[in-house]
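Secondary and tertiary structure notes
If you want the building blocks of each chain, they are given just below.
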Amino acid sequence: MKIIINHSSMQPIYEQITDQIKAMIIDGTLKEEEMLPSVRTLAKELKISALTVKKAYDFLEEEGFVVTVHGKGSFIAKNNQELLMEERKREIETELEEVIRKARISGLSEEEIRELFELIMEE
């Protein structure tokens with residue numbers, strides 16, 4: 001599993017891990033019931049604390065992306081299409097908010113932003 005940690009990012013490392021694993025689940029790189037590397041193995045590979053990896057795995061489990069079986073490991077949860085779609089919507093919403101923020105900073109009015117959006121939607 002290829003996870004890249006950006007140590008100069010303002011985003012916490014555990015969030016970088018969870019975001020990348022979620023992306024791999026959503027795009028199908030990680031399949032249902034596939035086993036994730038152990039906490040220690042991934043921590044060693046990434047040269048980070050095992051507690052950080054554990055926090056990421058726990059967060060993924062809370063969100064329903066991962067199932068942990070005591071003594072066996074962590075596995076990709078069976079796909080819940082609603083959960084995956086909700087995650088995609090959240091990502092798109094975040095990106096749209098960023099674009100709108102940039103448009104406002106650039107001096108575009110609400111009407112100009114709407115017109116641009118409608119123009120793009122027509123394509």
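Comments concerning the packing of aromatic side chains
Per the counting criterion, the structure on display carries one aromatic pair. Between Tyr14 and Phe59 the ring centres are 6.2 Å apart and the planes differ by 75°, which places this aromatic pair in the edge-to-face class. Highlighted residues: Tyr14 in helix H1 (residues 13-26) and Phe59 in helix H3 (residues 50-62), separated in sequence by 45 residues. Positioned above the aromatic ring of Tyr14 is the side chain of Lys55, whose terminal nitrogen or guanidinium carbon lies 4.2 Å from the ring centre.

Quick look at a nonpolar patch on the surface
On the surface, Ile92, Leu96, Ile100, Phe117 and Met121 cluster together to form a nonpolar patch covering roughly 460 Å² of accessible area. Elements with a contribution of two residues or more to the nonpolar patch: helix H4 (81-105) and helix H5 (110-122). The element that contributes the greatest number of residues to the nonpolar patch is H4, accounting for three residues. Topologically, Ile92 is positioned in helix H4.

Some words on H1
Here H1 spans 20 Å end to end across 14 residues, near enough to the 20 Å set by a 1.5 Å rise per residue. Burial in H1 covers these residues: Tyr14, Gln16, Ile17, Thr18, Ile21, Lys22, Met24, Ile25 and Ile26. The first or second residue beyond H1 is Gly28, which carries a positive phi of 90°.

Overview of the nonpolar core
Residues Ile3, Ile17, Ile21, Ile25, Leu30, Leu46 and Val53 are the most contacted members of the largest nonpolar core, which totals 22 residues. If you list the elements that add at least two residues to this core, you get H1, helix H2 (39-46) and H3. At six residues, H1 tops the list of elements feeding residues into this core. For Leu46, the residues in contact, after removing those within four places along its chain, are Ile3, Ile5 and Ile17.

The rules we used
Residues numbered from 1 in each chain as written. Predicted model: local features only at pLDDT ≥ 70, side-chain atom pairs only at ≥ 80, totals over all residues. Heavy atoms only, no water. Phe/Tyr/Trp six-rings, centres within 6.5 Å; stacked < 30°, edge-to-face > 60°. Helix = DSSP H or I, 4+ residues; strand = E, 2+ residues; numbered from the N terminus. Lys NZ or Arg CZ within 6 Å of the ring centre and 35° of its normal. Patch = residues over 30% accessible without salt bridge, like charges linked within 9 Å, V, L, I, M, F, W, Y side chains within 5 Å. Areas by Shrake-Rupley, 256 points an atom, 1.4 Å probe, with all protein chains shown as cover. Salt bridge = Lys/Arg side-chain N within 4 Å of Asp/Glu carboxyl O. Expected span 1.5 Å × (residues − 1). Buried < 20%, exposed > 50% of the residue type's maximum accessible area, 1.4 Å probe, protein only. Core = buried A, V, L, I, M, F, W, Y, C linked by side-chain atoms within 4.5 Å. Contact = heavy atoms within 4.5 Å.

It is worth stressing that arrangement in space is one thing and function is another; only the former is reported here.
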